[in-house]
Amino acid sequence: MKEFIIKQKMLSMSGQFKVKDAEGNDVYEVEGSFLKIPKTYTIQDLEANEVAQIIKKSFSFLPTFYVEVQGQETVTIQKEFSFLKPKYTIDAAGIEVLGTWWEMSFDVLKNGEVAGTVDKKWFQWGDSYQVQIYNEEMETLIIALVIAIDCVKADQAASSSAAF
C-alpha cells in the first residue's frame, strides 16, 4: 500500500501544488492553466514527465471533465441535469467510485476490488486529502481522479457564487 497527501494551497492563482508521499516527499506536481480555454490541469512526475491531464470541456450545456492518463482518456465526469442538488456521473471502464465523493470520502474500485481510498482531512488550510493506493497500477489514475473531482467541486462552487 502507498499513501499520498494532496494539499492545495488556497488562493493559488495558477492552481499549482504538490502531491506528497506519507513521508512528506514530493511525488507529483500539479499545475492548472490560468486564463486558458479549455481549463486544464497537468500532473507531472519528478522528472517533469506528464503522467495525466484533466480537461474541462469548453462550450458544453452541462460541465464535463475528462481525465487522461498516459495520453489515454480514462474517466469522464459529467454534471447531470438536476434542480436542487448537484449530481454528477463518473464514467470509466471497470472503475467505480463508492461513498460520498462530493464530500471527498470514497473508495475507488477496479472490477469490484478496492484499488484505493480517499478521505478529506478537515480543519486544514486549503483542501487536503489522504489517498491510500492498494493497487499500485492505478496510482496515477486515482491521483488524477481525486484532483478531477476536486476541480468539479471548485467549478460548481464558482458557478454557484457567480449566480448571486
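Residues numbered from 1 in each chain as written. Predicted model: local features only at pLDDT ≥ 70, side-chain atom pairs only at ≥ 80, totals over all residues. Heavy atoms only, no water.

Colleague: Give me the lowdown on the overall build of the protein chain, citing residues and values where you can.
Modeller: Regarding its fold elements, the protein chain presents one helix and 12 strands. In the protein chain, the succession of α and β elements from N to C terminus is β-β-β-β-β-β-β-β-β-β-β-β-α. Burial analysis of the protein chain (164 residues in total) assigns 43% to the buried set. On the protein chain, roughly 9500 Å² of surface is accessible, and the fraction owed to carbon and sulfur atoms is 53%. (Helix = DSSP H or I, 4+ residues; strand = E, 2+ residues; numbered from the N terminus. Buried < 20%, exposed > 50% of the residue type's maximum accessible area, 1.4 Å probe, protein only. Areas by Shrake-Rupley, 256 points an atom, 1.4 Å probe, with all protein chains shown as cover.)

Colleague: How would you sum up a nonpolar patch on the surface? Please name residues and give values.
Modeller: Taken together, the side chains of Met1, Val114 and Tyr134 make up a nonpolar region of the molecular surface, amounting to roughly 310 Å² of accessible area. By secondary structure assignment, the location of Val114 is in strand β11 (residues 113-120). (Patch = residues over 30% accessible without salt bridge, like charges linked within 9 Å, V, L, I, M, F, W, Y side chains within 5 Å. Salt bridge = Lys/Arg side-chain N within 4 Å of Asp/Glu carboxyl O.)

Colleague: Please set out the pairing of strand β12 (residues 128-133) residue by residue, giving values where relevant.
Modeller: Counting buried residues in β12 gives five out of six residues, a clear majority hidden from the surface. Strand direction decides the pairing type here: strand β1 (residues 2-7) and β12, joined by six bridges, are antiparallel. Paired with Lys2 across the two strands is Ile133, which belongs to β12. Where β11 and β12 come together, five bridges link them in antiparallel fashion. Its bridge partner being in β12, Asp119 is matched across the sheet by Gln130. (Pairing = 2+ DSSP bridges.)

Colleague: So, the packing of aromatic side chains: which residues are in play, and what are the values?
Modeller: Scanning all chains against the criterion turns up one aromatic pair. Ring centres 6.4 Å apart and planes at 45° place the aromatic pair Phe4 and Tyr28 in the tilted group. Of the two residues, Phe4 is situated in strand β1 and Tyr28 in strand β3 (residues 26-32); the sequence distance between them amounts to 24 residues. Phe4 gets classed as buried once you look at its relative accessible area, which sits at 3%. The class of Tyr28 is buried, set by a relative accessible area of 7%. (Phe/Tyr/Trp six-rings, centres within 6.5 Å; stacked < 30°, edge-to-face > 60°.)

Colleague: Residue-level account of the pattern of salt bridges, with values.
Modeller: Going through the model one piece at a time under the given rule, you end up with three salt bridges. Here Asp26 ties to Lys20 by a salt bridge, and the two come within 2.5 Å at their closest N and O atoms. Residue class for Asp26 comes out partly exposed when judged on its relative accessible area of 28%.

Colleague: Talk me through the nonpolar core; I want residue IDs and the actual numbers.
Modeller: Core analysis: the largest hydrophobic core is formed by 41 residues, its most contacted members being Ile6, Ile43, Ile77, Val131 and Ile147. Residues in contact with Val131, not counting those within four places in the same chain, are Lys2, Glu3, Phe4, Ile6, Thr117, Val118, Ile142, Ile143 and Val146. (Core = buried A, V, L, I, M, F, W, Y, C linked by side-chain atoms within 4.5 Å. Contact = heavy atoms within 4.5 Å.)

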